[in-house]
Every structure is written in C-alpha cells, then in structure tokens.
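Report on the structure
The primary structure of each chain is shown beneath.
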Amino acid sequence: MCDVPPGVVTGDNLLKLLKHAKDNGYAIPAFNCTSSSSCNAVLEAAKKNNSPVMIQASNGGGAFFAGKSCKDPNAAAAGSVAMALHVRAVAPYYGVPVVLHSDHCAKKLLPWFDKMLEADEEYFAQYGEPLFSSHMLDLSEEPDEENIEICVKYFQRMKPMKIWLEMEIGITGGEEDGVNNEDVDPEKLYTTPEQVYSVYTALSKIGEMFSIAAAFGNVHGVYKPGNVTLQPERLGKHQAYAKEQLKCESDLPIFLVMHGGSGSTDEEIATAVKNGVIKMNIDTDTQWAYWDGLRKFEADKHDYLQGQIGNPTGPDKPNKKFYDPRVWIRKAEESMVERCGVSMEKLSSKGKYEAKVPEPGSVPIYGFKPKPQGPVGAIKEALHKVGL
C-alpha cells in the first residue's frame, strides 16, 4: 500500500505515488470529466475499489463545465479551475489519493494552459501547493525540436510549484476534443527510443517530475479489440535504450503514459504497464457508460416519463420521482462507477490504496488553509491594519 495522504496529492506526494505505481506494476486510471456528476462518479469508484485515481479536464471539458453559453475566451480555463476546486472540496470525503490533471494541450490551446498555470501560481502563493497536480502538453504535431523546447520552457515555470508535466512525442491517431489525427502517416504512430530519450535528456536536467506519452499505435476513439495495431512491447525498448544510455540499475527509468486505450486487449494493457506505464487515459468508454445508465433507466421507466402527471398506475399519478434529475443522473453515475471499476481492475490499481474515509463530520467544510505568512508577512499585515 502507498502511504500518501488521501485527497488531492501534489508535489512530493505525487512523485511518491507514481513511483509506487511503477515499482509495483500498476497504472493509475485517468478519467476525463465534464461535470461535477462525472467527477463524483470517479471518486466513488476509487473509494469502492480502493484505488488511487486521476481526474482530468480537457479544453472542451473545461469549456463545458463553465457552461456552453459562456463565450469568453477564458471559459475553458475558468471551467477547468472550477472543476479542480470542486474536486478539492469533496475529495477528502472519499478517502483516496486524487491527482488533478489537465489533458491534451496542443500548441493552439496554449492560452488555456497559461491561464491554468496562473491559477496554480495564485493558489500556490496562498496555500503552498498548486491548484492542479499535473498538466499535459501535447505538441506532438510540431517538430520534435520545437516540441521539446516549449516543454522545457513550461517545465521550468512549473518546477518551483512541483507540478508534474506530461508530454507527448509521436502522434496518437483518431480524433479527440477537436484535434484530428485520423489521416496521419501511420509511421508517426510509433515513437522511436531515440525520440523518447531526447525528451528525457532535456527534461531531466530540470527535474524528475515528468512523464512521456510515447506513441505505440494508439488511437483515440472506440474500436473493437484487435482493430487497432498496438505494439506496447516498443515501450520496453524505450526503457532498455534509456537504461543503456544512463548506465543505471533500474529497468524502468522513465515514467510512461498510455493514451487511446479504447479497443486495447487486456494483454496489451498489461504489457504496457509492465513496461513502465503509470497512467492510462479513459474517456470514450466512460462516456458510453454514463449514457448507458440513463438509456436503460429511460427504457425501463418510459411510461413514467411522458408527462408530469399520469402513468400506468393512474391518470392522476405524479411522475416527479422519475423525472427529477437527481434520479436519472444518479443512474448514469452508477453505470459510470461500474465501468471505472473495470479500468481499475485492468490496470491493477484496484486494492493498491485502502480508502481512509474520515469520521462523519470531521472534515472541515472549507478546508482551504493559507500557508503561514512568516515574520515578514505578519509585520506587513499588522502595519496594513494600522493604516501604514
């Protein structure tokens, strides 16, 4: 069992958690969320399965969280921050470690990334840790040199706050959140060991809190198992090459992550984890699960959902207990919770952290505590109070 505290984990505790995953042969599932409801479903699944978990916001997910009618250019960042604050407020009640992450950020989306980092810096100034645990830069469509150069620049900015950086080199096929790689050259779906090591060389000079999404045939979207040509054994070659270059004892010197997992066989997932994958993204499958819960409820209660009054038990009978959003949204959540548990089993994260659910009433309702000011800050505040 990993001994990091429950709730949102950042900095040294995040590093400890991800090292524990790599050293103990499991990966942490990272679920894309778009609402407080989907966030809560993920937290519930993590508690139920005694698993650490990651909750991540995409650019589109953040914009949706803020409200689709909000057309402000910073809506995606505002929604992502709102999601992070929601998770921070409720995560302690579920008793498991939670990693707050932002998903794919292409070059055209860097303003979104910048605004989230501003929020991290403001939060860090007040509370001594960043708002988010980690962020991802996906500059895989750019030339490798530019990709790495931009990652280095941002990692240097993130390092003082101990924010984890995930980057991608090599392209994940398919389409997700407005980034379309459906017609990409198939060769670009397979990253080489030299590419991965060039990233490691550049980022390791700054710090160790980074991971690499190396493409091995991954495709975003939903596919039948076997319809995507994954080669997770390539990840082992990346690790072996890095070990040789570094002359180190570890067989897994690099933190790797896996994208485009839909359609992957259990064996392919297990091979990826064996080769150092410590995080896998899940989105398409949980989207379907959420909808499927609602679909089944509507099919079962169809005749009770055709009007506010009148159902098979009588023309004057009310239907509020069927159309109340808390009823049918809960059915969607229950279905998503079940599917999240499947991912936790496949990634072997189930049972890796015993949920420490707090005693009823013991969690502060407002658990955001400013960090100590220190003597200089205290003097400034005292002078301010007396008008100086």
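So, here is what we can say about the structure in this document. (Residues numbered from 1 in each chain as written. Predicted model: local features only at pLDDT ≥ 70, side-chain atom pairs only at ≥ 80, totals over all residues. Heavy atoms only, no water.)

The next thing to look at is the overall build of the protein chain. The secondary structure content of the protein chain amounts to 13 helices and 13 strands. By the burial criterion, 51% of the 388 residues in the protein chain qualify as buried. For the protein chain, the exposed surface amounts to about 18300 Å²; the carbon and sulfur share of it is 53%. (Helix = DSSP H or I, 4+ residues; strand = E, 2+ residues; numbered from the N terminus. Buried < 20%, exposed > 50% of the residue type's maximum accessible area, 1.4 Å probe, protein only. Areas by Shrake-Rupley, 256 points an atom, 1.4 Å probe, with all protein chains shown as cover.)

In terms of nonpolar packing, the biggest core is built from 100 residues, with Ile55, Leu203 and Ile212 touching the most fellow members. Of all the elements, helix α5 (residues 110-127) adds the most residues to this core, at eight residues. Leu203 has contacts with Cys151, Val152, Phe155, Leu165, Met167 and Phe210, leaving out every residue within four places of it along the chain. (Core = buried A, V, L, I, M, F, W, Y, C linked by side-chain atoms within 4.5 Å. Contact = heavy atoms within 4.5 Å.)

Our next topic: the pattern of salt bridges. Oppositely charged side chains can form a pair if their charged atoms are brought close together. Summed over all chains, the structure comprises 22 salt bridges. Note that Asp285 and Arg339 form a salt bridge whose closest N and O atoms lie 3.0 Å from each other. Of this pair, Asp285 sits in helix α10 (residues 284-300) while Arg339 sits in helix α12 (residues 325-346), placing them 54 residues apart in sequence. Two residues, Asp292 and Lys296, come together in a salt bridge whose shortest N-O distance is 3.5 Å. Here Asp292 and its partner Lys296 are both found in helix α10, four residues apart, which amounts to about one turn of the helix. For Asp292, a relative accessible area of 10% gives the class buried. A network of salt bridges, in which partner residues are shared, links Glu44, Arg330, Lys331, Glu333 and Glu334. (Salt bridge = Lys/Arg side-chain N within 4 Å of Asp/Glu carboxyl O.)

Quick look at the side chain of His20 now. Note on placement: His20 falls in helix α1 (residues 11-23). A distance of 2.7 Å separates polar atoms of two side chains, one belonging to His20 and the other to Tyr26. Not counting residues up to four positions away in its chain, the partners in contact with His20 are Met1, Cys2 and Tyr26. (Polar contact = N/O pair within 3.5 Å; in protein donor to acceptor, adjacent residues only side chain to side chain.)

Moving on: the packing of α5 against helix α6 (residues 144-158). A pair of packed helices is characterised by two quantities: the angle between their axes and the separation of those axes. Two numbers describe how α5 lies on α6: the axes approach to 11 Å, and their chain directions differ by 15 degrees. Judged by the inter-axis angle, α5 sits roughly parallel to α6. Once α5 is placed against α6, the crossing between them reads as left-handed. Here Leu110, Phe113, Asp114, Leu117, Glu118 and Glu121 of α5 come into contact with α6, specifically with Tyr154, Arg157 and Met158. (Axes fitted to C-alpha atoms, helices over the stretch in contact; angles between N-to-C directions. Parallel < 35°, antiparallel > 145°, perpendicular 65-115°, else oblique. Left-handed = near helix turned anticlockwise from the far one by under 90°.)

Another point: the environment of Ala30. Here Ala30 is to be found in strand β2 (residues 28-32). C-alpha separation for the pair Ala30 and Asn281, spaced 251 residues apart in sequence, amounts to 4.7 Å.

Burial runs high along strand β9 (residues 210-214): five of the five residues are buried. Neither face of β9 is exposed, since Phe210, Ile212 and Ala214 on one face and Ser211 and Ala213 on the opposite face are all buried. The pairing of strand β6 (residues 164-169) with β9 spans five bridges and is parallel. If you follow Met167 over to β9, its bridge partner there is Ile212. (Pairing = 2+ DSSP bridges.)

Right, let's get into the packing of aromatic side chains. Each pair of aromatic rings is reported with the distance of its centres and the angle of its planes. What the rule picks out here adds up to 11 aromatic pairs. Ring geometry for Tyr123 against Tyr127: centres 4.5 Å apart, planes inclined by 50 degrees, an arrangement best described as tilted. With Tyr123 and Tyr127 both in helix α5, this residue pair falls four residues apart, about one helical turn. A centroid spacing of 5.1 Å and a plane angle of 80 degrees characterise the contact between Trp164 and Phe255, whose relative ring orientation is edge-to-face. In this pair, Trp164 sits in strand β6 while Phe255 sits in the loop between α8 (233-246) and β10 (256-258), placing the two residues 91 residues apart along the sequence. Across the pair, exposure class does not vary: Trp164 and Phe255 are buried alike. Among the aromatic residues, ring-to-ring pairing joins Phe155, Tyr197, Tyr200, Phe210 and Tyr241 into one connected group. (Phe/Tyr/Trp six-rings, centres within 6.5 Å; stacked < 30°, edge-to-face > 60°.)

This part takes up the packing of helix α4 (residues 75-90) against α5. The geometry of α4 relative to α5 is characterised by a closest axis approach of 8 Å and an angle of 40 degrees between their N-to-C directions. One way to sum up the angle between α4 and α5 is to call them oblique. Here the hand of the crossing between α4 and α5 comes out right-handed. Facing α4, whose interface residues are Ala76, Ala77, Ser80, Val81, Leu85 and Arg88, α5 presents Trp112, Lys115, Met116, Ala119 and Tyr123.

Let us look at the environment of Val196. Positionally, Val196 belongs in helix α7 (residues 193-204). Look at Val196 and you get buried, because its relative accessible area is 1%. C-alpha of Val196 to C-alpha of Ile169: the two residues are 27 residues apart in sequence and 7.2 Å apart in space. In this structure, Val196 is in contact with Thr191, Ile212, Ala214, His238 and Ile254, ignoring residues within four places of it in sequence.

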